[in-house]
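Here is what each chain is made of, one letter per residue.
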Amino acid sequence: MIDKIFSKVIKTITTGGSRKKGILAFDLGIHSIKIAEVQIIKDEPVLTNFIQGRTYKNVIINGIINDFQYLVSNLKNILDVFNTNITTVNISLPYDLVIFDSFNSQHIPNEEEIKNKINEEIPYKIEDVYYSYYIFPKKDFYQIFYLVAKKEIIEQYEALINNLDYKANNIDADFINLHNLTEILYGEKSKVIVDWGSSKIKLLFCEKEFPIYNRELFNLGIKNLKKKIIKELKVDEDTAETLIVNPEKNNYPQLKDIYKNYIKEILEELDATIKFVSGKFNLSIENIFLVGGGARIPNICNIFSEYLKINTRLIELEKHIKFSNNFDPEYIKVVNTQGAIAAATALRDFI
């Protein structure tokens, strides 16, 4: 698991907090906030609660908190409904707020060499960031992957948690938590995790044991599909959102073509990226995992599998992790898709 490989950055940005009772996890997006709760019951982690709510407009821009007080108010309103006794929090940072890259060396570099090399490659001063790394031996050289997060960003998120009268336990990259979760659920497999969000689609390519490459597909998120539906079918925003989730229950015959063209564009981009990454890293992809709002598109896994010839699946937490009895089966589907990052972040301390 990457948890141990990136222990330096985790220890640096962890502020403490007891895990005995459980953990809350915040996934703070541009359009929505998701909160998951895991409690220890009879010595086992149980996913006991999940909620999602709207984010106020322009409160978070590209992962950066743009309006601190509005976000505090936003979270307090959601937490009032959530009604939890847990006060220890994990947060996942989006791809936008971290740098993940690598460099090669003919020998195993020491800490100072790694620090200097990272300092050369990032657009910040090394003293202004938290960083961690892992060394991967290749045939004729060593590849050093590193993860970097700006200190001021981490401190802003810590201040947010403190302002809510909660305790920060861990602030980590969302793709690290997703990788660890899929590894625990489905074993060590080379894979692509497709995080299909509202504004863009984020791709994470993983070797059997760790991530190696990520890419973002801009202008291909769910909101792009929604805009096309609104424009071509001349419907309002609420109707468009309903059609996205339930396209088969409608009286718009042209919706099929809108969907088909949208998904085709995504598949072509993903196919080209898979070929590029497979060649660059000598990687053979065994699985594709879909998370995010796009993962709820009907029959989407079969469409991906058929086009890409790679086994594609959703994360099914309920087959491996206990849920409390009050979870509706339909709501579990929401946790598996839109709530995957929050669930992975809440579970990170227990897997």
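Residues numbered from 1 in each chain as written. Predicted model: local features only at pLDDT ≥ 70, side-chain atom pairs only at ≥ 80, totals over all residues. Heavy atoms only, no water.

Asker: Tell me about the overall build of the chain, residues and numbers included.
Answerer: Counting secondary structure elements, the chain contains twelve helices and 16 strands. In terms of overall dimensions, the chain is globule-like: its C-alpha atoms have a radius of gyration of 20 Å, near the 20 Å expected for 351 residues. Expressed as lengths along the three principal axes of its C-alpha atoms, the size of the chain is roughly 65 × 50 × 40 Å. Burial status across the chain gives 52% buried among its 351 residues. In the chain, of all internal contacts separated by at least 6 residues, the share reaching a separation of at least 24 is 67%. Total accessible area computed for the chain in this model is approximately 16,600 Å², and 46% of it derives from carbon and sulfur atoms. Charged side chains in the chain number 44 positive and 47 negative. The centres of these two groups are separated by 2 Å. (Helix = DSSP H or I, 4+ residues; strand = E, 2+ residues; numbered from the N terminus. Rg over C-alpha atoms; globule rule 2.2 N^0.38 Å. Buried < 20%, exposed > 50% of the residue type's maximum accessible area, 1.4 Å probe, protein only. Contact = heavy atoms within 4.5 Å. Areas by Shrake-Rupley, 256 points an atom, 1.4 Å probe, with all protein chains shown as cover. Lys, Arg positive; Asp, Glu negative; His and termini not counted. Charge placed at Lys NZ, Arg CZ, Asp CG, Glu CD.)

Asker: I'd like a description of the sheet that holds strand β16 (residues 322-323), backed by residues and values.
Answerer: Here six strands make up an open sheet; going across it, the order is β10-β6-β1-β2-β3-β16 and the pairing mixed. Only two strands of the sheet have a single neighbouring strand rather than two, namely β10 (167-173) and β16. The pairing of strand β1 (residues 22-28) with strand β2 (residues 32-41) spans seven bridges and is classified as antiparallel. Within β2, the residue paired with alanine 25 across the bridge is alanine 36. Docked against the sheet, helix α3 (residues 68-82) engages β1, β2 and β3 (44-54), running at close to 45 degrees with respect to β2. (Pairing = 2+ DSSP bridges. Axes fitted to C-alpha atoms, helices over the stretch in contact; angles between N-to-C directions.)

Asker: Can you tell me about the packing of aromatic side chains, naming the residues and giving the values?
Answerer: A complete count under the given rule lists 18 aromatic pairs for this structure. Aromatic pair tyrosine 56 and tyrosine 70: ring centres 5.6 Å apart, planes at 85 degrees, arrangement edge-to-face. Of this pair, tyrosine 56 sits in the loop between β3 and β4 (60-61) while tyrosine 70 sits in helix α3, and the two are 14 residues apart along the sequence. Given a relative accessible area of 31%, tyrosine 56 falls into the partly exposed group. Taken together, the aromatic side chains of Tyr95, Phe100, Tyr134, Phe136, Phe145, Phe175 and Phe210 make up a single cluster linked through ring pairs. When the ring centre of tyrosine 130 is taken as reference, the NZ or CZ atom of lysine 151 above it lies at 5.6 Å. (Phe/Tyr/Trp six-rings, centres within 6.5 Å; stacked < 30°, edge-to-face > 60°. Lys NZ or Arg CZ within 6 Å of the ring centre and 35° of its normal.)

Asker: Can you lay out the environment of aspartate 349 for me, pointing to particular residues and giving the numbers?
Answerer: Mapped onto the elements, aspartate 349 comes out in the segment after α12 (340-347). Taking the C-alpha atoms as reference, aspartate 349 lies 9.6 Å from proline 45; in sequence the two are 304 residues apart. A distance of 2.8 Å separates a polar atom in the side chain of aspartate 349 from a polar atom in the side chain of arginine 348. (Polar contact = N/O pair within 3.5 Å; in protein donor to acceptor, adjacent residues only side chain to side chain.)

Asker: A description of the packing of helix α7 (residues 222-233) against helix α8 (residues 237-245) should follow, citing residues and the corresponding values.
Answerer: The contact between α7 and α8 brings their axes to 9 Å, and the two run at 120 degrees. In terms of their interaxial angle, α7 and α8 are classed as oblique. The two elements α7 and α8 cross, and the hand of that crossing is right-handed. Taking contact as the criterion, the partners of Ile222, Leu225, Lys226, Ile229, Ile230 and Leu233 in α7 are, on α8, Glu237, Ala240, Glu241, Leu243 and Ile244. Broken down by class, the residue content of the contact of α7 with α8 amounts to eight nonpolar, no polar and three charged. (Parallel < 35°, antiparallel > 145°, perpendicular 65-115°, else oblique. Left-handed = near helix turned anticlockwise from the far one by under 90°. Nonpolar A, V, L, I, M, F, W, Y, C, P; charged D, E, K, R; others polar.)

Asker: Explain the nonpolar core to me, and be specific about the residues and the numbers.
Answerer: Grouped together as the largest cluster of nonpolar side chains are 109 residues, with contacts concentrated most on Phe26, Ile35, Ile229, Ile288 and Leu317. Setting aside chain neighbours within four positions, we find isoleucine 229 in contact with Lys234, Val235, Ala240, Leu243, Ile244, Leu255 and Ile258. (Core = buried A, V, L, I, M, F, W, Y, C linked by side-chain atoms within 4.5 Å.)

Asker: I'd like a description of the confidence of the model for the chain, backed by residues and values.
Answerer: When pLDDT is averaged along the chain, the result is 91, and 94% of the positions lie at 70 or above. Here residues 1-19 is modelled with pLDDT under 50, and outside its nearest four sequence neighbours on either side it reaches 54 contacts, counting other chains as well. (pLDDT = per-residue confidence, 0-100.)

Asker: Report on the sheet that holds strand β7 (residues 98-105), specifying residues and quantitative values.
Answerer: Across the sheet, three strands lie side by side as β7-β9-β8; this open sheet has antiparallel pairing. Single-partner strands in this sheet number two, and they are β7 and β8 (129-137). Sheet twist, expressed as the average angle between the axes of neighbouring strands with direction ignored, equals 20 degrees. Where β8 lies against strand β9 (residues 142-150), nine bridges are found, and the strand directions are antiparallel. Residue pairing in the sheet places tyrosine 130 in a bridge with alanine 149 of β9. Contacts from helix α5 (residues 151-163) reach β8 and β9, with the element oriented near 50 degrees to β9.

Asker: Lay out the packing of α3 against α5 with the relevant residues and their values.
Answerer: The contact between α3 and α5 brings their axes to 10 Å, and the two run at 45 degrees. Judged by the inter-axis angle, α3 sits oblique to α5. Crossing hand, α3 versus α5: right-handed. Contacts between α3 and α5 involve Phe68, Leu71, Val72, Leu75 and Lys76 on the former and, on the latter, Gln156, Ala159, Leu160 and Asn163.

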